[in-house]
Each structure stands twice: as structure tokens, then as C-alpha cells.
Amino acid sequence: MAKFQTEIQNEDAIRLGSCKVEVAPYDETTPEYVEIGAARNVKLTEQIEIATIAPDNTPPIRKVKAQTVVVSCEWMEPTLTGLAALRGALDTVTSAAGEDTFKTGGKTDIGYVSVRLTNTNAAGKTYQVTVYKAQVTKGLEQAFSSDADLEAAVIPLEFTGVEDTTKPVGEQLFEIVDMQAPKTPAA
């Protein structure tokens, strides 16, 4: 008989499955999120840069110098209009007689978007992360495989979220709303 070191504290806190990736224009009061479709390897990574102030006669003081969050994934069903929407008005897309044309290069301003990741469990409860203000920070990359290979030609996406200074301090980077496991474990 196996001996375990602990017992499950909150089974609902165990996350299963992927998530839906949605994007909305940043400057909307009530953003309308649009799902980007099939994606794989969706990942959220917070990055904290610490600055150390080291006086000669006291212990060092450590402060947060910068805090960002990166959302990355491999987009499996890209469209040119969708790509342009993700890239904050950096590109130009035109449609003529059913053929989309994507053009880029020369613009120096890049807009922001809001990014939302939603995991829905079997009970229909959500775990949702919203990055308020982000920019695409990975240039276009698309690899094409052999004609005999059934591997999708994905586009890697990367967004870096920065502080939205229109929000209160302590609430400027992202939020997580957990409807799956809202209870806290016993102390």
C-alpha cells in the first residue's frame, strides 16, 4: 500500500485542459473580446525585475523595478485580418474580390490590445485571466512543412502586458477570476 505525503486540499483547484484565447482593442470602455480560434501551447508567464538598493551600513532594500506578463501560444487558424487586429494597427489589410492582402513595414506606432484566457471545466465553471494592456512582441513567423506532413503551419504569438496606469496601484497588470476553486484551503 502506497504512503502519500499529503491529501488533496481542494480538488477543484486542479486545472485540466487548455483555454480559449480572446483579444479586444485596449481602449474600449467595455471591451468586446473576439476569440482567435484554435491554439496550442497557451502559456502565461509573469516577469518581475527586482532592483536592489545597497547602502554601506544597512541591509539591502529590494523593490520591484518592473513587472510584466507574457502570453504566448501557437495560433493554428490564422487569417490576415485576424493577424492585423492582434498587432495593434501596425499593418494594413485590404480585401478585393475575395482576396485578402496584408502589408506591413514603416509604421512606428503600435497599439495595445487586451488579452483574455478562459479555462472552462466540466461543470461549466471558469478560470479567467485578463491582461489589460498588451502589445504583440514577437514578429511574424510561419514555417511550412512537407506536403506529405499533416502538421498545421502555426503562427507563434507573443503578447507582453504592461501596467495600465488608469487602474489603481496593485491592480494594473492583470486579473485572475477563479470560479472553479474559490474556496481557500484550511490553515
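Remember, it's a predicted structure, so these values are computed and weren't measured experimentally.

Calculation rules
Residues numbered from 1 in each chain as written. Predicted model: local features only at pLDDT ≥ 70, side-chain atom pairs only at ≥ 80, totals over all residues. Heavy atoms only, no water. Helix = DSSP H or I, 4+ residues; strand = E, 2+ residues; numbered from the N terminus. Rg over C-alpha atoms; globule rule 2.2 N^0.38 Å. Contact = heavy atoms within 4.5 Å. Areas by Shrake-Rupley, 256 points an atom, 1.4 Å probe, with all protein chains shown as cover. Lys, Arg positive; Asp, Glu negative; His and termini not counted. Charge placed at Lys NZ, Arg CZ, Asp CG, Glu CD. Phe/Tyr/Trp six-rings, centres within 6.5 Å; stacked < 30°, edge-to-face > 60°. Buried < 20%, exposed > 50% of the residue type's maximum accessible area, 1.4 Å probe, protein only. Lys NZ or Arg CZ within 6 Å of the ring centre and 35° of its normal. Core = buried A, V, L, I, M, F, W, Y, C linked by side-chain atoms within 4.5 Å.

Helix and strand content of the chain: one helix and ten strands. Shown N-terminal to C-terminal, the secondary structure of the chain runs as helices and strands in the order β-β-β-β-α-β-β-β-β-β-β. Computed over its C-alpha atoms, the radius of gyration of the chain comes to 21 Å, more than 25% above the 16 Å expected for a compact globule of 187 residues. With the C-alpha coordinates of the chain rotated into their principal frame, the extents come out at 65 × 55 × 35 Å. Partitioning the intrachain contacts of the chain with sequence separation of at least 6 by distance along the chain shows that 56% fall at a separation of at least 24. When the accessible surface of the chain is summed, it comes to about 12700 Å², and 52% of that surface belongs to carbon and sulfur atoms. Charge centroids of the chain, computed over 17 positive and 27 negative side chains, lie 5 Å from each other.

Counting across every chain of the model gives one aromatic pair. Judged by centre distance (5.9 Å) and plane angle (65°), the rings of Y26 and Y112 are edge-to-face. With Y26 in the loop between β1 (20-25) and β2 (34-35) and Y112 in the loop between β6 (99-104) and β7 (113-120), this pair connects stretches of sequence that are 86 residues apart. The class of Y26 is partly exposed, set by a relative accessible area of 22%. Given a relative accessible area of 31%, Y112 falls into the partly exposed group. Sitting over the ring of Y132, K167 keeps its end group 4.5 Å from the ring centre.

All right, on to the environment of G105 then. Locating G105 in the fold gives a position in the loop between β6 and β7. On the basis of relative accessible area, G105 is assigned to the exposed category, the value being 61%.

Turning to unusual backbone geometry, a few remarks are in order. Backbone geometry at N41 places phi at a positive 55°, although glycine is not the residue there. Turning to its location among the elements, N41 is positioned in strand β3 (residues 39-53). Despite not being glycine, A89 shows a phi value in the positive range, around 60°. As for its placement among the helices and strands, A89 is situated in the loop between α1 (80-86) and β5 (91-96).

Let us look at the nonpolar core. By size, the foremost hydrophobic cluster in this structure holds 22 residues, and its most contacted members are I36, L86, V115, L157 and F159. With residues near it in sequence (within four places) discarded, I36 still touches V21, V23, C73, W75, E77, L86 and L157.

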